[in-house]
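Spelled out, the chains give:
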Amino acid sequence: MNSIPFRSLLFLLLTACVLGGCMRLAHRPPAKTSYVLSAPRPAKAPSAVGSAILQVVPMRISPRFNGRSFVYRQSPSQYQTDFYHDFLVAPANLVQEEVVHWLSDSGLFASVSSSAGPLPPDFLLQGRITELYGDYSSKSPSARLAISFMLLDRHTTDHPVQLQQDYHSDVPLAGHETEALVEAWNAGLTDILNRLEEDLGNTMLTIDATSNRGG
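Okay, so let's go over this structure. (Residues numbered from 1 in each chain as written. Predicted model: local features only at pLDDT ≥ 70, side-chain atom pairs only at ≥ 80, totals over all residues. Heavy atoms only, no water.)

## Looking at the pattern of salt bridges
Oppositely charged side chains may form a pair once their charged atoms are brought near each other.
Moving on, step 1. A complete count under the given rule lists 6 salt bridges for this structure.
Moving on, step 2. In this structure, the salt-bridge partner of arginine 68 is aspartate 86, at a minimum N-O distance of 3.7 Å. Here aspartate 86 lies in strand β5 (residues 78-87) and arginine 68 lies in the loop between β3 (60-61) and β4 (69-75), a separation of 18 residues in the sequence.
Moving on, step 3. Accessibility expressed as a relative area gives 3% for aspartate 86, which makes it buried.
Moving on, step 4. With a closest N to O distance of 3.0 Å, glutamate 131 and arginine 144 form a salt bridge. In this pair, glutamate 131 is assigned in strand β7 (residues 123-135) and arginine 144 in strand β8 (residues 142-153), connecting sequence segments 13 residues apart.
Moving on, step 5. Each of Lys32, Arg68 and Asp86 takes part in one network of salt bridges that share partners. (Salt bridge = Lys/Arg side-chain N within 4 Å of Asp/Glu carboxyl O. Helix = DSSP H or I, 4+ residues; strand = E, 2+ residues; numbered from the N terminus. Buried < 20%, exposed > 50% of the residue type's maximum accessible area, 1.4 Å probe, protein only.)

## Focus: helix α2 (residues 91-104)
Moving on, step 1. The end-to-end C-alpha distance of α2 is 20 Å, a good match for the 20 Å that 14 residues give at a rise of 1.5 Å each.
Moving on, step 2. In terms of burial, α2 is largely enclosed, as 10 of its 14 residues are buried. (Expected span 1.5 Å × (residues − 1).)

So, in structure tokens, the structure goes:
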């Protein structure tokens, strides 16, 4: 009886392992996809431009949603992160950028920025994201977004808080794709910024933005 030499047998086994590994490599996991948040503002010129300078300080976010990976709520107490779908950068940075762009075009302030400029700001806007997740805990999934804002007057020591308001948005998803979740988040952020602008406008009407500024 002829027998296969040990070296030949070892070669065949190694070849089979290599080929098997190549077959497994052909079934690669899905690639990661990154997204940004955006709140497109309707193109219209403001009726007037304020004289105060606003600085939007770095946004804060709840530690539960501080990562870049998308978060899904599966039940009242169960949350899941998505490794393959995430934000391009930290979500707090994305929201802060949209807040600056939105308020810059609102006409409520002479200048809006995320950092200190050549002139000291008259007001500081603080924000904290308390909720940011896809809610799949019911038969009607939705995109959940909640942000708390506080407007501080730098020239007032007794009552520096001029506005403190919580905003929530719960937008139903139009489909099961990840893009539908991002679009719903964007719609929710747009709604929140609309309400924030309205509240800031009413607040600024009660403040003499030109008295005791810069002095």
